[in-house]
Amino acid sequence: MKIPKCMSTQHPDNVNPPFFAEGNEISGEDEIAEAYYVFSHLGCDEQMWDCEGKEVDNYVVKKLLTKYEPFFRDNKLGEDFFLTLRVPNPTVEKAEAKILLETLESIPRSYDTARLFYEEERAPVFEVILPMAASTKCLDRIYQYYLDFVVGKQNQPFKKGDITIKDWIGEFKPENINVIPLFEDKPGMLQADSITRNYLEDKNVEYQRVFLARSDPAMNYGIISAVLLNKIALERFNILSEDLGMDIYPIIGMGSAPFRGNLEPSLVEEVGLEYPSAHTLTLQSSFKYDHPHAEVVDAINKLKNRKTRDPHQMDEEKTLDIIDRYAAEYEKQIINLAPIINRVAKYVPSRRKRKLHIGLFGYSRSIGEISLPRAITFTCALYSLGIPPEVLGLNALTDADRDYLKSVYKNFDLDLKKAIQYLDRDSKLLNPKLKEYLNLYYPEVDQDLSHLELTRDINKSLSTNQTEGMGEKILRGANLRKFLG
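Residues numbered from 1 in each chain as written. Predicted model: local features only at pLDDT ≥ 70, side-chain atom pairs only at ≥ 80, totals over all residues. Heavy atoms only, no water.

> Describe the overall build of the chain, and please don't skip the residues or the numbers.
When its secondary structure is counted, the chain shows 20 helices and eight strands. Computed over its C-alpha atoms, the radius of gyration of the chain comes to 23 Å, within 12% of the 23 Å expected for a compact globule of 485 residues. Dimensions of the chain, computed from C-alpha atoms along their principal axes, come out at roughly 80 × 50 × 45 Å. Taken across its 485 residues, the chain has 60% of its residues classed as buried. By element, 48% of the accessible surface of the chain is carried by carbon and sulfur atoms, the whole surface being about 20300 Å². Charged side chains of the chain number 62 positive and 75 negative; the gap between the two group centres comes to 3 Å. (Helix = DSSP H or I, 4+ residues; strand = E, 2+ residues; numbered from the N terminus. Rg over C-alpha atoms; globule rule 2.2 N^0.38 Å. Buried < 20%, exposed > 50% of the residue type's maximum accessible area, 1.4 Å probe, protein only. Areas by Shrake-Rupley, 256 points an atom, 1.4 Å probe, with all protein chains shown as cover. Lys, Arg positive; Asp, Glu negative; His and termini not counted. Charge placed at Lys NZ, Arg CZ, Asp CG, Glu CD.)

In structure tokens form, the structure reads like this:
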């Protein structure tokens, strides 16, 4: 079984819309074209199809096979290229809960379409991603619902003595699906291995894929916490794989901003070394559309040829202590910045037609009822103010912390220096102690003067309530960075 290495996603962190989009926002039929484009022209071996936060096209398989027939005749969906559905989590997303049922019901229909197209038994879709996975029960319910209520109903007669549903409309395949848990917060990531272990106890599966978020943990606990939490989870998954004698294939959700992963075409090798045991990395919209085509294709080829290795070994007690102290300082600074972040977020241009969910801050009792936009808009707002989120909370680190971090967080200085070039060191929004820290440890990082001029113009416009053209200024800054957020 081929396990994909490059998962293209629909995360809207791009500055420039792709050529096939009808407007500045990718939507509807554009996303069908996008799936074909990333397979045929970029060489990505997987497309995540997002079924939460927007109107869902459950006929994606039929549209791909009919609209791009020559390509998919030679390149089989479900064997050479993969479509993986991200479904709503009914435990958390009550308003979209029933979309899950529609999505699961679409899987056998897509199977029938592929069987007619290829004239053989083929499952074009057989894996779903469950976001905000927080317990074994959440995963089991998806697995069992498909098994018992989607496929299982085929053997039910209409009434005693009558034919079964299968006799009436045909059999339902695939017989079961793989559920990929997506762990997005600190408790989930620290329990990810035990949740997965318990889920697998009664499953007869050949392998298991697991998904670790990189953006939301950064937004909620800071960049350092996000990196360290991922590394702890990866090390524990490696132990779990050995315990079970089963291959576990981690996915990490990476964006282009350092805060959200620093995965851009020129840095694929550095990011691969940071997370050596991660089998699959996500390629979000900025990676695909904000860089020259040849560079993107070359980077994807490097990722597909990348060999995975053992994860970095961590001192968990020391690591968790750093996370706790650093995250506490990061949260204090975010609380102070929340009003201005939310104000700027209103002007951040949208790049996909989707609803933006409220970040986890809205549910966190430890810092009060602070609501913030999702990670891309959050990151863009802070960059647009001249305060890259990567720097927040750094003043909590001791020299001993820095020495340890540089031994386990390989790209520590690389990530920070890339962000600091967009910092306004004279900003009144900058925490005084943080300003001292940055001047002490990063005094020689050159500033992008064009970006600095833009951020100061944005701040002046906000202070005088002259916000006309704010979205254009934000986009100009994003274009200099080569990512929206």
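> Explain the packing of aromatic side chains to me, using residue names and the numbers behind them.
For the coordinates displayed, the defined rule picks out 24 aromatic pairs. The interplanar angle of 85 degrees and the centroid separation of 6.1 Å between the aromatic rings of F82 and F126 together place this pair among those described as edge-to-face. Pair noted here: F82 is in strand β3 (residues 82-86) and F126 is in the loop between α4 (97-118) and β4 (127-130), with a separation of 44 residues, a long-range link. The pair F82 / F126 is uniform in exposure class, with both members buried. Relative to F483, the ring of Y383 lies with its centre 5.3 Å away and its plane at 80 degrees, an arrangement referred to as edge-to-face. (Phe/Tyr/Trp six-rings, centres within 6.5 Å; stacked < 30°, edge-to-face > 60°.)

> Talk me through the nonpolar core; I want residue IDs and the actual numbers.
Counting residues in hydrophobic clusters, the biggest one holds 136 residues, and the most contacted among them are F72, I224, L394 and L438. Excluding its chain neighbours within four sequence positions, the residues that come into contact with L438 are V391, L394, I420, L423, R425, L430 and P443. Counting residues in each nonpolar core, the second largest holds eight residues, with I129, L182, A213 and I251 among its members. (Core = buried A, V, L, I, M, F, W, Y, C linked by side-chain atoms within 4.5 Å. Contact = heavy atoms within 4.5 Å.)

> An account of the pairing of strand β5 (residues 178-183) is requested, with residue identities and associated values reported.
Of all six residues in β5, five are buried; the element is thus mostly enclosed. Pairing of β5 with strand β6 (residues 207-213), which is carried by two bridges, proceeds in the parallel orientation. Of the residues in β6, the one forming a bridge with L182 is F211. (Pairing = 2+ DSSP bridges.)

> Lay out the pattern of salt bridges with the relevant residues and their values.
Within this structure, the stated rule accounts for 32 salt bridges. With a closest N to O distance of 2.2 Å, R122 and E120 form a salt bridge. In this structure E120 comes out as partly exposed when scored by relative accessible area, which is 27%. Residue D426 is joined to R456 by a salt bridge in which the shortest nitrogen-to-oxygen separation is 3.4 Å. Taken as a pair, D426 in the loop between α17 (412-420) and α18 (432-441) and R456 in helix α19 (residues 449-463) lie far apart in primary sequence, 30 residues in all. Residue R456 is classed as partly exposed on the basis of its relative accessible area, which comes to 39%. Overlapping salt bridges, with partners in common, bring together D112, R115, E121, E171 and K173 in one network. (Salt bridge = Lys/Arg side-chain N within 4 Å of Asp/Glu carboxyl O.)

> Could you give an account of unusual backbone geometry, naming the residues involved and the relevant values?
A cis geometry characterises the amide bond from K173 onward to P174, with omega recorded as 0 degrees. Mapped onto the fold, P174 is located in the loop between α6 (165-169) and β5. A positive phi angle is found at M132, which is not glycine, with a value near 55 degrees. By the element assignment, M132 lies in the loop between β4 and α5 (136-151). Overall, M132 belongs to the partly exposed group, its relative accessible area being 25%.

> Can you lay out the confidence of the model for the chain for me, pointing to particular residues and giving the numbers?
Overall, the prediction assigns the chain a mean pLDDT of 94, with 96% of residues at 70 or greater. Segment residues 355-367: pLDDT under 50, and 34 contacts once partners within four positions in sequence are set aside and those in other chains are kept. (pLDDT = per-residue confidence, 0-100.)

> Report on helix α20 (residues 470-481), specifying residues and quantitative values.
The periodicity of an α-helix, 3.6 residues per turn, causes residues three or four positions apart to be oriented the same way. Along its 12 residues, α20 runs 17 Å from first to last C-alpha, staying within 8% of the 16 Å computed at 1.5 Å per residue. Among the residues of α20, those classed as buried are M470, K473, I474, L475, G477, A478 and R481. K482, located one to two residues past α20, shows a positive phi value of around 70 degrees. (Expected span 1.5 Å × (residues − 1).)

> Explain the packing of α5 against helix α8 (residues 192-200) residue by residue, including any values.
When two helices pack together, you describe them by how their axes are tilted relative to each other and by the distance separating the axes. The contact between α5 and α8 brings their axes to 9 Å, and the two run at 40 degrees. As summarised for this structure, α5 and α8 are arranged oblique, according to the angle between their axes. The interaxial crossing formed by α5 with α8 has right-handed handedness. Counting all contacts with α5, which are made through T136, L139, D140 and Y143, the residues of α8 involved are I195, N198 and Y199. (Axes fitted to C-alpha atoms, helices over the stretch in contact; angles between N-to-C directions. Parallel < 35°, antiparallel > 145°, perpendicular 65-115°, else oblique. Left-handed = near helix turned anticlockwise from the far one by under 90°.)

> Lay out a nonpolar patch on the surface with the relevant residues and their values.
On the surface, F158, I163, W168 and I169 cluster together to form a nonpolar patch covering roughly 440 Å² of accessible area. Here I169 is to be found in helix α6. Relative accessible area serves as the criterion here: at 52%, I169 is assigned to the exposed category. (Patch = residues over 30% accessible without salt bridge, like charges linked within 9 Å, V, L, I, M, F, W, Y side chains within 5 Å.)

> Lay out the sheet that holds strand β1 (residues 6-8) with the relevant residues and their values.
Strands sit in the order β1-β2-β3-β4-β5-β6-β7-β8 around a closed barrel of eight strands; the barrel is parallel. Going from strand to strand, the sheet's axes swing by 30 degrees on average, the running direction of each strand aside.

> An account of the environment of F183 is needed here, citing residue identities and associated values.
Residue position: F183 is located in strand β5. On the accessibility criterion, F183 (0% relative accessible area) is buried. Taking the C-alpha atoms as reference points, F183 and E264, separated by 81 residues in sequence, lie 23 Å from one another.

> Summarise helix α2 (residues 60-67); cite the residues concerned and give the values.
For α2, every residue scored as buried is listed here: V60, V61, L64 and L65. Angular distribution of buried residues about the axis of α2 spans 120 degrees; they occupy a single face of the element. The inward-facing, buried residues of α2 contact α1 (29-42), β2 (46-50), α3 (69-74), β3 and α4. (Arc of directions from axis to C-beta.)

> How would you sum up the packing of α1 against helix α13 (residues 293-304)? Please name residues and give values.
Closest axis-to-axis distance for the α1/α13 pair is 10 Å, and the angle between their directions is 80 degrees. What the angle tells us is that α1 and α13 run roughly perpendicular. Contacts between α1 and α13 involve Y37, H41 and L42 from the first element and H293, V296, V297 and I300 from the second. Class assignment of the residues belonging to the contact of α1 with α13 gives a composition of five nonpolar, two polar and no charged. (Nonpolar A, V, L, I, M, F, W, Y, C, P; charged D, E, K, R; others polar.)

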